[in-house]
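# Chains, contacts and geometry: an overview
So you can see what is in the structure, the chains are spelled out below.
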Amino acid sequence: MEKERVFVVGDIHGEAKMLEKILSHWNEKEEQLVLLGDLADRGLYSKEAIERAYDLAENHQAIVLKGNHEDLLEKYLKNPKEHHLHYYMNGGEKTLRSLLGNQLELEEPWKNARKVQKNYPWLVLFLESLPYYYEWKDYLFVHAGVDLSLENWKNSTKRDLLWIREGFFDRENTTDKQIIFGHTVTANLHGDLSNFEIWQSGDGLIGIDGGAVYGGKLHALRLSELGIEAEFSVSKEKS
């Protein structure tokens, strides 16, 4: 049965402790949980973030969208020799270190993929299963965005759904949807590298990647068919 509201969370990037704090505001009975992707990489607690998202999807009907970092991890695990350098360049080493601990292979990093698959046999299937977008009422939830130059946004390439920046947030929203997205840190959208608050255009684009892993904020929105009911933000605790 479709729930009355949606609770959507921005890019986590291994900040599992911040995720738990933001989830304390989620009402599971009444709200469909949506995670916008980029669960892991760069942050220290990527293992915990991935496992939590998997549990939420399997046992609590959460919608976990595929982000570019889920795509990078999936490609690395399936073809590590071809993809390990690109994955490491995008923060993947911290994820592998989180997943494998002292089993991490430093000399031949492509071998880590085999260890991850052995230790987490569910992981590739989980990554493969993630949808690229989710529609609810007049909302579209997507990791990066869509190609707004197209007559029908559903013809956007998978690459655009995962990676697009310019060509999306700087274009007029000609869809009939409010589009909630992550991927591009809101400080960049605001043009102010100290401003990690939620970003909104005047025509229905809402960016909620608050740069949690960069010392910014993890954002969430509670949405009803009437609009945004509440905003929630968590800042990283200073160690």
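None of these values were measured; they are calculated from a predicted model.

To characterise two packed helices, one gives the angle between the axes of the helices and the distance between these axes. At a closest axis distance of 6 Å, the pairing of helix H3 (residues 68-78) and helix H4 (residues 80-89) adopts a crossing angle of 145°. The handedness of the crossing between H3 and H4 comes out as left-handed. Residue-level contacts link His 69, Leu 72, Leu 73, Lys 75, Tyr 76, Leu 77 and Lys 78 of H3 to Pro 80, His 83, His 84, His 86 and Tyr 87 of H4.

Turning our eyes to something else, we now look at the side chain of Ser 224. Here Ser 224 is to be found in strand S9 (residues 217-224). A distance of 3.4 Å separates the side chain of Ser 224 from the side chain of Glu 229, its partner in a polar contact. Ignoring any residue separated from it by four or fewer positions in sequence, one finds Ser 224 in contact with Glu 4, Arg 5, Trp 136, Tyr 139 and Glu 229.

It is worth spelling out empty space enclosed by the protein at this point. Summed over all chains, the structure comprises one cavity of 30 Å³ or more. What the largest cavity holds in volume is close to 60 Å³. Taken together, Leu 39, Ala 40, Asp 41, Ile 50, His 69, Glu 70, Leu 73, Tyr 87, Leu 123 and Leu 127 make up the full set of residues lining the largest cavity. For the lining of the largest cavity, the leading source of residues is H3, giving three residues. Of the residues in the lining of the largest cavity, the class split is seven nonpolar, one polar and two charged.

Let us look at the sheet that holds S9. In spatial order, the strands read S3-S2-S1-S9-S10; together these five strands make up an open sheet with mixed pairing. Of all strands in the sheet, those bounded by a partner on one side alone are strand S3 (63-64) and strand S10 (227-235). Of the strand pairs in this sheet, strand S1 (residues 5-9) and strand S2 (residues 31-35) are connected by five bridges, and their pairing is parallel. Across the sheet, Val 9 pairs through a bridge with Leu 35, a residue of S2.

Cut-offs applied
- Residues numbered from 1 in each chain as written.
- Predicted model: local features only at pLDDT ≥ 70, side-chain atom pairs only at ≥ 80, totals over all residues.
- Heavy atoms only, no water.
- Axes fitted to C-alpha atoms, helices over the stretch in contact; angles between N-to-C directions.
- Helix = DSSP H or I, 4+ residues; strand = E, 2+ residues; numbered from the N terminus.
- Left-handed = near helix turned anticlockwise from the far one by under 90°.
- Contact = heavy atoms within 4.5 Å.
- Polar contact = N/O pair within 3.5 Å; in protein donor to acceptor, adjacent residues only side chain to side chain.
- 1 Å grid on protein atoms, 1.4 Å probe; cavity = no way out; pocket = protein on both sides within 12 Å on 5 of 7 lines; lining within 4 Å.
- Points joined across faces, edges and corners; volume = space filled by probe spheres on them.
- Nonpolar A, V, L, I, M, F, W, Y, C, P; charged D, E, K, R; others polar.
- Pairing = 2+ DSSP bridges.

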